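Geometric and topological summary
As a plain string of letters, each chain reads:
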Number of protein chains: 2
Amino acid sequence: MELLLTNASFGGEHRRYRHTAATLECQMEFSIFLPPQSLAEPGRKVPVLYWLSGLTCNDENFMQKAGAQKLAAELGLAIVCPDTSPRGVNLPGEDDSYDFGSGAGFYVNATEQPWAPHYRMYDYVVKELPQLVESELPVSAEKSISGHSMGGHGALICALKNPGLYRSVSAFAPVAHPVECPWGQKAFAGYLGGNQEQWNQWDATLLIADAQERLPLLIDQGTADQFLAEQLNPQALVRACHSVNHPVTLRMQSGYDHSYFFIASFIDDHLHHHAEALGLAQPQL
Amino acid sequence: MELLLTNASFGGEHRRYRHTAATLECQMEFSIFLPPQSLAEPGRKVPVLYWLSGLTCNDENFMQKAGAQKLAAELGLAIVCPDTSPRGVNLPGEDDSYDFGSGAGFYVNATEQPWAPHYRMYDYVVKELPQLVESELPVSAEKSISGHSMGGHGALICALKNPGLYRSVSAFAPVAHPVECPWGQKAFAGYLGGNQEQWNQWDATLLIADAQERLPLLIDQGTADQFLAEQLNPQALVRACHSVNHPVTLRMQSGYDHSYFFIASFIDDHLHHHAEALGLAQPQL
């Protein structure tokens, strides 16, 4: 693991690392925010929020634009941001579109060639990356997960498919029902092939009914989001939750769009949600 | 004035505008954060913090990376970010270096050809832009000013050269004594020519002695800033202040660098500083 960059941040540290990801058969970069508590005492380990970003992003967007570090520093919460796909693996067409290939791994394990050996972002974010950061950095195995758009959906399926692994989950403007929207259909057809039974294993709305753990879902969605009608469909997810009494809170945020200005406006609410589940003391208000 | 973009943000709005800047003889873009108070009641005007960015930045960096909107929304403070130079004026060499020409206007009024007719960023940020936003947007003439690096110095000279215009001033890692550092010497030679008497009129450290208003200076400087030794020299400014009892607070922030991670970590302290001077009620802590 190679340290690329360190920046002091709110008494803690923002760092970028590069490592060889066995799961993806390529080099990957990730960013981490380590709160001051994790650096103050040798041996002290803090819980982690994993943040999965959306289409076209890499590991940097959230750290630069979400404004999460101030409260994370107060809470004693680390944040880990993986990249959104393998990079530089030289597959034909990998850079041809913003919603497939590079920057668009969709947090699934591809089964179709030529994507299969590399595009296994689900295993990477659920298994390999947490194992790496837990062994190399002052963080514990206590974890929560959140994300935005493609990554909001990624957070939901990581939690739904791994009962007991995450203490809490939330999402901003998730692609809530990918088998029924253009982004999801393109990604699933490319990574998973034509068998829609396979697709269904990677769709949060379809996973709700049989979820083995009823972890409450906190979802924020802007009403002025340009992708709401065609791509996101949070109401489908909410209906699926209601039909099996899966706890869900969908907050429709009036006038907000799909940008990081939206995420920044509500990230603190999500951090409080995760901090409570992780047993972190909340700052006095 | 053409509205390019609106994003809801912390109950207020982030907006980008394009307009024809008479001072610069070109089209310019700027960003503004309007807090919720300015949008809630017709006729309500809020004070403004002008933020001057550093080399290579445009009007977007601060709005995306500083994390200032949350507290600005609570305070009822608008923030205006101009660009850092004229753009697209087709001068020979304008895009050849990161520290001169495009993205590097240094907030002076150029006297040398071919820069003189366009590179008048001082007049633009002190006069034209405030007049425009005060006439077109729900903001008052009550104003403060801050900035980073080249823009931190810009904020200092705008305040020092205009007694009574700003209620308060602050800076992050300013180029504190430009006539004595490579960035400043390159910019001043290019924009102002070879007469160093002219340069001295645009150097904050040299303006302190004769300042007509002893507005307190709040300055944050990271100790791990890669430009500290060669370019920034805040101690020269502090010595000049001490010699004439100009109030100055220089906070050396241990381990912090020149990045927006540094700015984000301390921007709230600066907003409180400006809010107090502007008579804004501070949020209950």
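Thresholds, definitions, all that
- Residues numbered from 1 in each chain as written.
- Chains lettered and ligands numbered in written order.
- Predicted model: local features only at pLDDT ≥ 70, side-chain atom pairs only at ≥ 80, totals over all residues.
- Heavy atoms only, no water.
- Helix = DSSP H or I, 4+ residues; strand = E, 2+ residues; numbered from the N terminus.
- Contact = heavy atoms within 4.5 Å.
- Areas by Shrake-Rupley, 256 points an atom, 1.4 Å probe, with all protein chains shown as cover.
- Lys, Arg positive; Asp, Glu negative; His and termini not counted.
- Charge placed at Lys NZ, Arg CZ, Asp CG, Glu CD.
- UniProt positions renumbered as here; feature names shortened; annotations may be inferred.
- Buried < 20%, exposed > 50% of the residue type's maximum accessible area, 1.4 Å probe, protein only.
- Expected span 1.5 Å × (residues − 1).
- Bend = angle between axes of the 7 residues up to and from the residue.
- Polar contact = N/O pair within 3.5 Å; in protein donor to acceptor, adjacent residues only side chain to side chain.
- Buried area = accessible area lost by both parts, 1.4 Å probe.
- Salt bridge = Lys/Arg side-chain N within 4 Å of Asp/Glu carboxyl O.
- Nonpolar A, V, L, I, M, F, W, Y, C, P; charged D, E, K, R; others polar.
- Least-squares fit on C-alpha atoms with pLDDT ≥ 70 in both.
- Phe/Tyr/Trp six-rings, centres within 6.5 Å; stacked < 30°, edge-to-face > 60°.
- Pairing = 2+ DSSP bridges.
- Disulfide = S-S within 2.5 Å.

1. Focus on the overall build of chain A
Summing up its helical and strand segments, chain A has 11 helices and nine strands in all. Each of the three principal axes of chain A carries a C-alpha extent, and together these read 50 × 40 × 35 Å. The contacts of chain A with a sequence gap of at least 6 include a subset with a gap of at least 24, amounting to 71%. Approximately 10400 Å² of chain A is accessible, and the part contributed by carbon and sulfur atoms is 47%. Both charge centroids of chain A, one from 17 positive and one from 31 negative side chains, sit 4 Å from each other.

2. Some thoughts on the UniProt feature "active site" (unreviewed entry) in chain A
Residue and element names in this part refer to chain A. Here, the residues flagged by UniProt with the feature "active site" (unreviewed entry) are Ser 149, Asp 225 and His 258. Of the residues just listed, which span 110 residues, no C-alpha pair is farther apart than 10.7 Å, and they cluster in one region. By the secondary structure assignment, Ser 149 is in the loop between strand 6 (139–147) and helix 5 (150–160). Its relative accessible area of 4% is what places Ser 149 among the buried residues. If we ignore the near neighbours within four places in the chain, the residues touching Ser 149 are Gly 54, Phe 172, Ala 173, Pro 174, Val 175, Trp 183, Leu 232 and His 258. Within the secondary structure, Asp 225 is located in the loop between strand 8 (217–222) and helix 9 (228–232). Of the residues examined, Asp 225 reaches a relative accessible area of 5% and is grouped as buried. In this view, Asp 225 contacts Ala 173, Leu 232, Tyr 256, Asp 257 and His 258; residues no more than four positions away in its chain are not counted.

3. A closer look at helix 11 (residues 260–277) of chain B
Residue and element names in this part refer to chain B. With 18 residues, helix 11 should reach 26 Å at 1.5 Å per residue; the first-to-last C-alpha distance of 24 Å fits that figure. At Phe 266, helix 11 is deflected by roughly 45°, the largest bend along its length. Here helix 11 lies mainly inside the structure; 13 of its 18 residues are buried. Sitting at the head of helix 11, Ser 259 places a side-chain oxygen 3.1 Å from the backbone nitrogen of Phe 261. Positive backbone phi, approximately 75°, marks Gly 279, located one or two places after helix 11.

4. Section: the interface of chain A and chain B
Contact with chain A, which involves 22 residues of that partner, is made by 22 residues of chain B. Summing the contributions of chain A and of chain B, the shared interface buries around 1700 Å²; its carbon and sulfur component is 53%. In this structure, A:Asp268 and B:Lys70 form a salt bridge, with 2.5 Å as the shortest nitrogen-oxygen distance. For the pair chain A and chain B, the number of links is 10 residue pairs in polar contact (both at pLDDT 80 or more). Of all the secondary structure elements, the ones that give two or more residues to the side of chain A that touches chain B are strand 1 (2–9), helix 2 (61–65), helix 3 (69–75) and helix 11 (260–277) of chain A. With five residues, the top contributor of residues to the side of chain A that touches chain B is helix 11 of chain A. Residue composition of the side of chain A that touches chain B, grouped by class: eight nonpolar, 10 polar and four charged.

5. Considering the pattern of salt bridges
Overall, the coordinates contain 32 salt bridges over all chains when judged by the stated rule. One salt-bridge network, held together by shared partners, links A:Glu2, A:Arg16, A:Arg18, A:Glu29, A:Asp59 and A:Glu60.

6. Regarding the relation of the copies chain A and chain B
Mapping chain A onto chain B calls for a screw motion: a turn of 180° about the axis and a shift of 0.0 Å along it, with 0.0 Å RMSD after fitting. The superposition of one copy onto the other is thereby described by a two-fold rotation axis. Interface overlap between copies: 100% of the residues of chain A at the interface are likewise at the interface in chain B, consistent with a symmetric, same-surface contact.

7. Quick notes on the packing of aromatic side chains
Under the counting rule described, the total for this entry stands at 33 aromatic pairs over all chains. Look at A:Trp51 and A:Phe62: their rings are 4.2 Å apart centre to centre, the planes differ by 25°, and that puts the pair in the stacked class. Pair noted here: A:Trp51 is in strand 4 (residues 46–52) and A:Phe62 is in helix 2, with a separation of 11 residues, a long-range link. Accessibility assignment for this pair places A:Trp51 and A:Phe62 in one class, buried. For the pair B:Phe100 and B:Tyr191, a centre-to-centre distance of 4.3 Å together with 20° between the ring planes defines the contact as stacked. Of this pair, B:Phe100 sits in the loop between strand 5 (78–82) and helix 4 (121–136) while B:Tyr191 sits in helix 6 (residues 182–192), placing them 91 residues apart in sequence.

8. As for the environment of B:Asn61
All names here are of chain B. In this fold, Asn 61 is placed in helix 2 (residues 61–65). When the C-alpha atoms of Asn 61 and Tyr 260 are compared, they prove to be 8.6 Å apart, with 199 residues separating the residues in sequence. Ignoring any residue separated from it by four or fewer positions in sequence, one finds Asn 61 in contact with Ala 66 and Tyr 260. Here Asn 58 takes part through its backbone nitrogen, which lies 2.9 Å from a polar atom of the side chain of Asn 61.

9. A short note on the pairing of strand 8 of chain A
Residue and element names in this part refer to chain A. Most of strand 8 is tucked away: six of the six residues are buried. The side-chain alternation of strand 8 yields two buried faces, one formed by Leu 217, Ile 219 and Gln 221 and the other by Leu 218, Asp 220 and Gly 222. Bridging between strand 7 (residues 169–172) and strand 8 involves four bridges; their strand directions are parallel. In the strand pairing of strand 8, Phe 172 is matched with Asp 220.

10. A few points about the state of the cysteines
All names here are of chain A. In total, this model carries zero disulfides over all chains according to the counting rule given. With no disulfide partner, Cys 81 has as its closest neighbouring cysteine sulfur the one in Cys 57, 9.8 Å distant. Judged by relative accessible area, Cys 81 falls into the buried class, the value being 1%. Here Cys 181 is not cross-linked by a disulfide; its sulfur's nearest cysteine counterpart is in Cys 57, at 17 Å. Its relative accessible area of 2% is what places Cys 181 among the buried residues.

11. So, the side chain of A:Asn109
Residue and element names in this part refer to chain A. Looking at where Asn 109 falls in the secondary structure, it is placed in the loop between strand 5 (78–82) and helix 4 (121–136). Only 3.1 Å separates the side chain of Asn 109 from the backbone nitrogen of Asp 123, close enough to count as a polar contact. The residues contacting Asn 109, other than those within four sequence positions of it, are Tyr 119, Arg 120, Met 121, Tyr 122, Asp 123, Leu 192 and Trp 202.

12. Things to note about the environment of A:Leu218
All names here are of chain A. Locating Leu 218 in the fold gives a position in strand 8. Separated by 50 residues in the primary sequence, Leu 218 and Ser 168 place their C-alpha atoms 9.0 Å from one another. Excluding residues within four positions of it along the chain, Leu 218 makes contact with Val 169, Ser 170, Ala 171, Thr 249, Arg 251, Asp 269, His 270 and His 273.

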